[in-house]
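Coordinate analysis (summary)
If you want the building blocks of each chain, they are given just below.
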Amino acid sequence: MNEKIHLSYVIPGDDFTRAGEASGEVKKKLKQMGVPPEAIRKVAISMYEGEINMVIHANGGMIDVDISTSDITIVLEDHGPGIENVALAMQAGYSTAPDKVRALGFGAGMGLPNMKKYSDELIIDTKPGYGTKVTLVVKIG
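Described in the following lines is the structure provided in the data block. (Residues numbered from 1 in each chain as written. Predicted model: local features only at pLDDT ≥ 70, side-chain atom pairs only at ≥ 80, totals over all residues. Heavy atoms only, no water.)

**Side note on the pattern of salt bridges**
On inspection of all chains with the given rule, the structure shows four salt bridges. For the salt bridge of Asp 120 with Lys 42, the shortest nitrogen-to-oxygen distance reads 2.8 Å. Separated by 78 residues along the polypeptide, Asp 120 in the loop between helix H5 (111–117) and strand E4 (121–127) and Lys 42 in helix H2 (residues 37–57) bring together distant segments of the chain. Look at Lys 42 and you get buried, because its relative accessible area is 16%. (Salt bridge = Lys/Arg side-chain N within 4 Å of Asp/Glu carboxyl O. Helix = DSSP H or I, 4+ residues; strand = E, 2+ residues; numbered from the N terminus. Buried < 20%, exposed > 50% of the residue type's maximum accessible area, 1.4 Å probe, protein only.)

What follows is the structure, encoded as structure tokens:
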């Protein structure tokens with residue numbers, strides 16, 4: 001594979017029945033491409049966490065995935081409320097998810113911590129009131 005492959009997904013907001021579809025499609029594509037299982041695992045987990053965060057907190061958004069021979073870059077962008085305190089949001093167990101979301105089994109406060117744990121690079125660009133852009137990089141091999 002000499003060229004980058006670009007995939008793009010629109011993530012609907014507040015739709016938990018479709019949450020995870022994009023990360024599932026990327027996981028399937030990476031398997032078909034013969035990407036090593038550990039890289040696939042890291043992409044699937046970190047992207048899923050970002051996707052769920054978009055559904056819970058931001059009324060959806062866009063995910064762009066670029067796959068090259070050396071890495072996979074995932075850019076998640078929304079126009080939600082932004083993250084007030086990134087350092088606090090990075091703490092395992094901290095959550096601003098409403099009770100109705102927690103009742104569904106989501107919102108445990110592990111989204112951003114897991115995105116950091118399962119990616120090789122995590123960049124959070126957020127501005128309260130304007131949205132959030134998260135860039136994840138997973139190295140292949």
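**Focus: the layout of surface pockets**
What the largest pocket holds in volume is close to 680 Å³. If you list the elements that add at least two residues to the lining of the largest pocket, you get H2, strand E3 (71–78), helix H3 (86–89), H5 and strand E5 (131–139). The element best represented in the lining of the largest pocket is H2, accounting for eight residues. Residue composition of the lining of the largest pocket, by class: 18 nonpolar, twelve polar and three charged. (1 Å grid on protein atoms, 1.4 Å probe; cavity = no way out; pocket = protein on both sides within 12 Å on 5 of 7 lines; lining within 4 Å. Points joined across faces, edges and corners; volume = space filled by probe spheres on them. Nonpolar A, V, L, I, M, F, W, Y, C, P; charged D, E, K, R; others polar.)

**Some thoughts on the environment of Val 43**
For Val 43, the position within the fold is in helix H2. In this structure the C-alpha to C-alpha distance between Val 43 and Ile 123, which are 80 residues apart in sequence, comes to 15 Å. Excluding residues within four positions of it along the chain, Val 43 makes contact with Val 26, Leu 30, Tyr 48, Ile 72, Ile 74 and Val 138. (Contact = heavy atoms within 4.5 Å.)

**Looking at the environment of Ala 92**
Locating Ala 92 in the fold gives a position in the loop between H3 and helix H4 (99–103). Of the residues examined, Ala 92 reaches a relative accessible area of 57% and is grouped as exposed. A C-alpha to C-alpha distance of 11 Å links Ala 92 and Lys 117, two positions 25 residues apart in sequence. Beyond its immediate stretch of four places on either side in the chain, Ala 92 contacts Gly 109, Met 110 and Pro 113.

**Description of the pairing of E3**
Of all eight residues in E3, seven are buried; the element is thus mostly enclosed. In this sheet, E3 lies alongside strand E2 (residues 60–67) in antiparallel orientation, the contact comprising six bridges. Paired with Asp 66 across the bridge in E3 is Thr 73. Looking at chain direction, E3 and E5 are connected through eight bridges and run antiparallel. (Pairing = 2+ DSSP bridges.)

**Some points on the environment of Glu 84**
Within the fold, Glu 84 resides in the loop between E3 and H3. Here Glu 84 falls in the exposed class, since its relative accessible area comes to 68%. A C-alpha to C-alpha distance of 7.7 Å links Glu 84 and Lys 127, two positions 43 residues apart in sequence.

**Observations concerning the sheet that holds E2**
The strand order E1-E2-E3-E5-E4 describes an open sheet built from five strands, whose pairing is antiparallel. Unpaired on one side and paired on the other, strand E1 (5–12) and E4 mark the two borders of the sheet. Within the sheet, the average angular offset between the axes of one strand and its neighbour, ignoring direction, is 10°. Docked against the sheet, helix H1 (residues 21–33) engages E1, E2 and E3, running at close to 160° with respect to E1. Lying over the sheet, H2 contacts E1, E2, E3 and E5, oriented at roughly 5° with respect to E3. (Axes fitted to C-alpha atoms, helices over the stretch in contact; angles between N-to-C directions.)

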